[in-house]
Amino acid sequence: MSVIYTLLTMLGALALLVLAFDRLAPTTAARLGIALERRRAGLRVRTFQSGSANMPYLEGGSGDTIVLVHGFGGDKDNFTRAARFLTGSWRVLIPDLPGFGEASREPGAGYTIADQVEHLRLFLQSIGEAPVHLGGNSMGGFIAAEFAARYPDKVASLWLLDAAGTAAAFENEVFRHYHHCGDMPLLLRSPKDIKRMLRACTFRPLLVPHSVKLHLGKRGAADYALHADILRQVHLSPLLEHQFSAIAAPALIVWGEQDAVLNSAGAAALHAIFPASEVVMMPGVGHLPMLESPRRCAERYLAFLMHLKHRAVANTTVTA
């Protein structure tokens, strides 16, 4: 018993030291915490430069390529936890979109969905591989879906997680409030607003260290004016159903049943646009399935990818 008591005491003291470090040296603690998450997922930081646009990205694993696109106000690390379950058998690339994360910020530049689609096209062109399996959350799902419609030969499949881009998805109290006064949880006026954003985006509290919340809050507040303009441009972008009657890419549409940012009716709207799609509703999950339930989310996606592989092999056999 004395040995167990000693070990518990040591673990308690270590936990207190970690908590103290997280509070007293938040900048260093946040940097180390983010680096640890990336290391656990087998991801390394790379940089893509196209003209004045700088897009850092995470890369890890080997095999066929999956490219994942974060949502509004997010960054490449939104997919780090889910990527840990993907890099064992797939090559995973996760870029920061211009205007977000560690990417370049140009106040006079265009940040519409079409603009971001073009940034994504140049990024994929730089890696020299097509088609890729493309995924995106929220705004990133809107971008991925429009990319697949415009460049069908470059996309093998889609993974759409609580994706924006349909009238049904935007039909909720959050966007009615935004139309009325220009405010919404994804816009951070001060670093403290990170708490409001996380409450809105998740059904259950995420395990996020104080230092990382502070880091994200400060960055979001510094970007407030830019992000308010980007959100306006995104919301004025043509909706998917107004541009495309059908998009051929096979798609896995995932939606958190407790999403408070976008209306879950968006899942059915996307299903109508993608004839070769299946819908998975996740109970007990909000707007960020890949962060709230990374293992379950990734395992369901891997099953989808495996099904596509088996179908491709079967078609090849029949053709032969």
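These numbers come from a predicted model, not from an experiment. (Residues numbered from 1 in each chain as written. Predicted model: local features only at pLDDT ≥ 70, side-chain atom pairs only at ≥ 80, totals over all residues. Heavy atoms only, no water.)

A few words on the pattern of salt bridges. Following the criterion strictly, the structure yields 17 salt bridges and no others. A salt bridge links Arg38 to Asp77, with the nearest nitrogen and oxygen atoms 2.7 Å apart. In this pair, Arg38 is assigned in helix α2 (residues 26-40) and Asp77 in the loop between β3 (65-69) and α3 (80-83), connecting sequence segments 39 residues apart. Residue Arg38 is classed as buried on the basis of its relative accessible area of 14%. Arg105 is the partner of Asp223 in a salt bridge, and the nearest nitrogen-oxygen pair spans 2.8 Å. Taken together, the residues Asp223 in the loop between α9 (210-222) and α10 (224-236) and Arg105 in the loop between β4 (91-95) and α4 (113-127) connect sequence positions 118 residues apart. Among the ionic contacts, a cluster of salt bridges with common partners joins Arg38, Lys76, Asp77, Asp96 and Glu102. (Salt bridge = Lys/Arg side-chain N within 4 Å of Asp/Glu carboxyl O. Helix = DSSP H or I, 4+ residues; strand = E, 2+ residues; numbered from the N terminus. Buried < 20%, exposed > 50% of the residue type's maximum accessible area, 1.4 Å probe, protein only.)

This part takes up unusual backbone geometry. We note that Ser138 has phi near 55 degrees; this positive angle belongs to a residue other than glycine. Within the secondary structure layout, Ser138 lies in the loop between β5 (132-137) and α5 (139-150). A relative accessible area of 7% places Ser138 in the buried class. A positive phi is found at Asp162, a non-glycine position, where the angle reads about 45 degrees. Counting through the fold element by element, Asp162 comes out in the loop between β6 (155-161) and α6 (167-170). We classify Asp162 as buried; its relative accessible area is 0%.

Our next topic: the side chain of Asn78. Note that Asn78 resides in the loop between β3 and α3. Setting aside anything within four residues of it in sequence, one finds Asn78 in contact with Met290 and Leu291. (Contact = heavy atoms within 4.5 Å.)

Turning to the packing of α4 against α5, a few remarks are in order. At a minimum axis distance of 9 Å, the contact between α4 and α5 shows a crossing angle of 70 degrees. On the basis of their axis angle, the class for α4 and α5 is roughly perpendicular. Judged by the sense of rotation from one axis to the other, the crossing of α4 with α5 is right-handed. Of the residues in α5, those touching α4 at Ile113, Ala114, Gln116, Val117, Leu120, Arg121 and Leu124 are Met139, Phe142, Ile143, Glu146, Phe147 and Arg150. When the residues that make up the contact of α4 with α5 are grouped by side-chain class, the tally is nine nonpolar, one polar and three charged. (Axes fitted to C-alpha atoms, helices over the stretch in contact; angles between N-to-C directions. Parallel < 35°, antiparallel > 145°, perpendicular 65-115°, else oblique. Left-handed = near helix turned anticlockwise from the far one by under 90°. Nonpolar A, V, L, I, M, F, W, Y, C, P; charged D, E, K, R; others polar.)

Strand order in the open sheet formed by eight strands is β1-β2-β4-β3-β5-β6-β7-β8, and the pairing between neighbours is mixed. If you trace the sheet from one side to the other, it starts and ends with β1 (44-50) and β8 (277-282), each paired once. Neighbour-to-neighbour, the strand axes of the sheet open up by a mean angle of 20 degrees, direction not taken into account. Across six bridges, the pairing between strand β7 (residues 251-256) and β8 is parallel. Considered in β8, the bridge of Val254 is made with Val280. (Pairing = 2+ DSSP bridges.)

This next bit is on the nonpolar core. Counting 95 residues, the largest nonpolar core has Leu120, Phe123, Leu134, Leu158, Trp159 and Phe274 as the members making the most contacts within it. Among the elements that make up this core, the one with the highest residue count is α5 (seven residues). (Core = buried A, V, L, I, M, F, W, Y, C linked by side-chain atoms within 4.5 Å.)

Another point: the environment of Val285. Locating Val285 in the fold gives a position in the loop between β8 and α13 (289-292). Taking relative accessible area as the criterion, Val285 reaches 1% and is therefore assigned buried. The spatial distance from the C-alpha of Val285 to the C-alpha of Leu58 is 25 Å, given a sequence separation of 227 residues. With residues up to four places along the chain from it excluded, the contact list for Val285 reads Phe203, Gly256, Glu257, Gln258, Asp259, Glu292, Ser293 and Arg296.

Turning our attention to the pairing of β6. For β6, the tally of buried residues reaches six of seven residues, placing the bulk of the element in the interior. This β-α-β element, β5 to α5 to β6, shows right-handed connectivity. (Right-handed = clockwise from strand over helix to strand, strands pointing away.)

Taken as a whole, this structure holds nine aromatic pairs when the rule is applied. Pairing Tyr57 with Phe123 gives two aromatic rings, centres 5.0 Å apart and planes at 75 degrees, and the pair type is edge-to-face. Placement of Tyr57 in strand β2 (residues 53-60) and of Phe123 in helix α4 is noted, with a sequence separation of 66 residues between them. Overall, Phe123 belongs to the buried group, its relative accessible area being 0%. Between Phe79 and Trp159, the ring centres sit 6.3 Å apart and the planes meet at 55 degrees, which makes this aromatic pair tilted. A residue pair is termed long-range when its members are at least 10 positions apart, and Phe79 in the loop between β3 and α3 and Trp159 in strand β6 qualify at 80 residues. Taken as a pair, Phe79 and Trp159 share a single burial class, namely buried. (Phe/Tyr/Trp six-rings, centres within 6.5 Å; stacked < 30°, edge-to-face > 60°.)

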